[in-house]
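This is what each chain is made of:
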Amino acid sequence: MPRSVNHVASRARRKKILKLTRGYFGCRRNVWTVAKNTWEKGLTYAYRDRKDKKGNFRALWIQRINAAARMHDLSYSKLMGLIHKAGIEINRKVLADLALNNPEAFKAIVDKVKAL
């Protein structure tokens, strides 16, 4: 009995990945093995960079808080230490947003922790 090969499914699988690699440069878009390897590596980069993005945003928030704190004669580390000592439960994302968009509220927090 002859060997039965499902050409329809294998071709569909290849077309699916070649469609996903459409904007890539050179052979990466149309040579099956190169396109498949590039696409798979892109998935690993995407997974890794979703994790890195969180750290990048945290670093940005810290820089913004530090810049705003220095306008009130405090460093970032001293401000955060005073905030924790005062028992104020506010995260860096919200604090950075206040520093950028609502400086009066940020100043109120700084004045409150300086008073302690």
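Student: Please clarify how the packing of aromatic side chains should be interpreted in this entry.
Tutor: Any pair of aromatic rings gets described here by the distance separating the centres and the angle formed by the planes. The tally for this structure, following the rule as stated, stands at 1 aromatic pair. Arranged with centres 6.2 Å apart and planes meeting at 40 degrees, the rings of Phe-57 and Trp-61 form a pair that is tilted. Placement of both Phe-57 and Trp-61 in helix α3 (residues 32–70) is noted, with a separation of 4 residues, approximately one turn of the helix. Taking relative accessible area as the criterion, Phe-57 reaches 38% and is therefore assigned partly exposed. Residue Trp-61 is classed as partly exposed on the basis of its relative accessible area, which comes to 21%. A cation sits over an aromatic face here: Arg-14 above Trp-32, 5.9 Å from the ring centre.

Student: For this particular structure, what's the right way to read unusual backbone geometry?
Tutor: Glycine aside, residues mostly have negative phi angles, and peptide bonds mostly take the trans form. Backbone geometry at Asp-73 places phi at a positive 60 degrees, although glycine is not the residue there. By the element assignment, Asp-73 lies in the loop between α3 and α4 (76–86). In this structure Asp-73 comes out as exposed when scored by relative accessible area, which is 69%.

Student: What exactly am I supposed to notice about the side chain of Thr-21 here?
Tutor: The residue Thr-21 is located in the loop between α1 (7–20) and α2 (27–30) in this model. The exposure class assigned to Thr-21 is buried, which follows from its relative accessible area of 0%. There is a polar contact of 3.4 Å between the side chain of Thr-21 and the backbone oxygen of Arg-29. Among all residues touching Thr-21, those that are not within four sequence positions of it are Arg-28, Arg-29, Ala-35 and Trp-39.

Student: Could you clarify how one ought to interpret the side chain of Ser-10 in this entry?
Tutor: Looking at the element boundaries, Ser-10 is found in helix α1. Accessibility expressed as a relative area gives 13% for Ser-10, which makes it buried. Separated by 3.2 Å, the side chain of Ser-10 and the backbone oxygen of His-7 make a polar contact.

Student: Is there a simple way to explain α4 in this structure?
Tutor: For the α-helix, the turn length of 3.6 residues means that residues three or four positions removed from each other point alike. Within α4 the residues assigned to the buried category are Tyr-76, Leu-79, Met-80 and Ile-83. End-on, the buried residues of α4 take up no more than an arc of 95 degrees, which puts them together on one face. More than 90 degrees from the buried face of α4, the exposed residues found are Ser-77, Lys-78 and Lys-85. The inward-facing, buried residues of α4 contact α3, α5 (92–101) and α6 (103–115). Following α4 by one or two positions, Gly-87 adopts a phi angle in the positive range, close to 80 degrees.

The rules we used
- Residues numbered from 1 in each chain as written.
- Predicted model: local features only at pLDDT ≥ 70, side-chain atom pairs only at ≥ 80, totals over all residues.
- Heavy atoms only, no water.
- Phe/Tyr/Trp six-rings, centres within 6.5 Å; stacked < 30°, edge-to-face > 60°.
- Helix = DSSP H or I, 4+ residues; strand = E, 2+ residues; numbered from the N terminus.
- Buried < 20%, exposed > 50% of the residue type's maximum accessible area, 1.4 Å probe, protein only.
- Lys NZ or Arg CZ within 6 Å of the ring centre and 35° of its normal.
- Polar contact = N/O pair within 3.5 Å; in protein donor to acceptor, adjacent residues only side chain to side chain.
- Contact = heavy atoms within 4.5 Å.
- Arc of directions from axis to C-beta.

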